[in-house]
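The chain contents come next:
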Amino acid sequence: METKKFSEEQLSEAAKILAAGGLVAFPTETVYGLGANALLPEAVTQVYAVKGRPSDNPLIVHLADPEQLKDYVDNLHPAAEKLMAKFWPGPLTLIFSIKNNSLPPIVTGGLSTAAFRMPANKKTLSVIKQAHVPLVGPSANTSGKPSPTSAEHVLHDLKGKIAGVIDDGATSIGVESTVLDLSDPAANPMILRPGAVTKEQLETVLGSEVEIDKHLVSESERPKAPGMKYKHYAPDTKVVMVQSEDWPAALDWVKQHRLRAGVLAGPSICETARFETAAVYMYADDTVEAAAKGLFAGLRALDESIAGLEIILAAAFPETGMGSAYMNRLKKAANQNFFQVK
Ligand code: TXA
Ligand code: MG
């Protein structure tokens, strides 16, 4: 199959292909999604097939307008209206109980709940509107690869397997949306996956407590979002996280052991590290927001940078605000390993 890059003028063509059951990857503010008509089970089956993704892992239904929710949900959580008004379009996915048979079981993994989000990308919103159907959109990578933050990443993984990709450059956030469980109107909202919309922001808007799924705090707990249990991308090269105060010792250690090391960090660290290591991927600045934006692209780049890279040292950040989402993804890539000063 030829995989096309759709220009701004060709969005209506992309929408037609999607409505008819084809697969088109779309940009969002978080990562690129692999779009398909959420109401056509055959199209959704294809999504799992081309990604190589386990089909018990439910998908997010992407909407162009909060009004579209009414077709699927009749019992909104009391927090829902406020959150949608404040954060949609944006990187917040909401889980609701759905009306019986309102979505194909292949979308929900057979659950009585489903995930919804309205992404903040003009081209994508326009395509969803023109397709007149909601779109499923898991990250548009092969399962086991980092989520794609550019159209090039999508093509690297899925060229030849999908009808096309809508290119809108690099995504601005870089990690997937916050997933918030609102399925029980009597329960407090609960974060199942950390993202750019933080617990603190949610609590400020709601003026009440937001809980965090226990598995995000303790490794021995089972996650409530099915997708969080799967092994995420870990590069072939071993990744070790480095706390900011440990960088001098970590760079010393790779030097002493003559390791071919890669560094994934902000400019203040990379400026020294580039003379002592084999490869660096530098975040745009030293903030955790820049780190989140560059994380997946950096892991892809370093993994492919030079043959025989033995270790990747990656900057750790405090786990507050955006740091929760960044560290959640990095810890998976690093298999929880931190550099420890002997
Ligand atoms: O930022 C994003 O959310 C991106 C962009 C493309 O929109 N999409 C994305 O989709 O990350 P995906 O499929 O990779 O992640 C969806 C997550 C999974 O962890 C899944 O288990 C969870 O949402 N999820 C979906 N439906 C659920 C449900 N009914 N109950 C609990 N978790 C659910
Ligand atoms: Mg994903």
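Residues numbered from 1 in each chain as written. Chains lettered and ligands numbered in written order. Predicted model: local features only at pLDDT ≥ 70, side-chain atom pairs only at ≥ 80, totals over all residues. Heavy atoms only, no water.

With domains assigned, the protein is organised as domain 1 (4–212) and domain 2 (238–334). When each unit is reduced to the centre of its C-alpha atoms, the spacing between domain 1 and domain 2 is 29 Å. Surface buried jointly by domain 1 and domain 2 totals about 1400 Å² across both partners, of which 58% is contributed by carbon and sulfur atoms. On the domain 1 side of the contact with domain 2, Pro146, Val175 and Pro194 bury the most area, a combined 35% of that side's loss. One can count two salt bridges joining domain 1 with domain 2. Measuring nitrogen to oxygen at the nearest pair gives 2.8 Å for the salt bridge that ties glutamate 176 to arginine 329. Counting the contacts that link domain 1 with domain 2 gives six residue pairs in polar contact (both at pLDDT 80 or more). For the side of domain 1 that touches domain 2, the element with the most residues is helix H6 (residues 151–158), which contributes three residues. Across the side of domain 1 that touches domain 2, the residue classes break down as seven nonpolar, 11 polar and five charged. (Domains from an automatic or database assignment. Buried area = accessible area lost by both parts, 1.4 Å probe. Salt bridge = Lys/Arg side-chain N within 4 Å of Asp/Glu carboxyl O. Polar contact = N/O pair within 3.5 Å; in protein donor to acceptor, adjacent residues only side chain to side chain. Helix = DSSP H or I, 4+ residues; strand = E, 2+ residues; numbered from the N terminus. Nonpolar A, V, L, I, M, F, W, Y, C, P; charged D, E, K, R; others polar.)

Its location among the elements puts histidine 215 in the loop between strand E11 (211–212) and strand E12 (238–242). Exposure remark for histidine 215: the relative accessible area of 13% places this residue in the buried category. Not counting residues up to four positions away in its chain, the partners in contact with histidine 215 are Leu192, Glu221, Arg222, Pro223 and Met228. (Buried < 20%, exposed > 50% of the residue type's maximum accessible area, 1.4 Å probe, protein only. Contact = heavy atoms within 4.5 Å.)

Let's shift gears to helix H5 (residues 122–131). Among the residues making up H5, those that are buried are Lys123, Thr124, Leu125, Val127, Ile128 and Ala131. Where the residues of H5 are buried, they touch helix H1 (11–19), strand E2 (24–26), strand E4 (60–62), strand E7 (135–136) and strand E8 (164–166). One or two positions beyond H5, positive phi appears at histidine 132, with a value near 60°.

Below, the discussion takes up the environment of leucine 40. Inspection of the secondary structure puts leucine 40 in the loop between strand E3 (33–37) and helix H2 (41–51). When near neighbours in sequence (up to four residues on either side) are disregarded, leucine 40 contacts Ala19, Ala20 and Gly21.

Attention shifts here to the sheet that holds E7. Read from one edge of the open sheet, 11 strands run E1-E8-E2-E3-E7-E4-E6-E5-E9-E10-E11, paired in mixed fashion. If you trace the sheet from one side to the other, it starts and ends with strand E1 (4–6) and E11, each paired once. Two strands pair when backbone bridges link them, and E1 and E8 are joined in this way by three bridges, in the parallel orientation. Each residue of the ladder has a partner; that of lysine 4, found in E8, is glycine 164. Against the sheet, H2 contacts E3 and E7, and its axis sits at roughly 155° relative to E3. (Pairing = 2+ DSSP bridges. Axes fitted to C-alpha atoms, helices over the stretch in contact; angles between N-to-C directions.)

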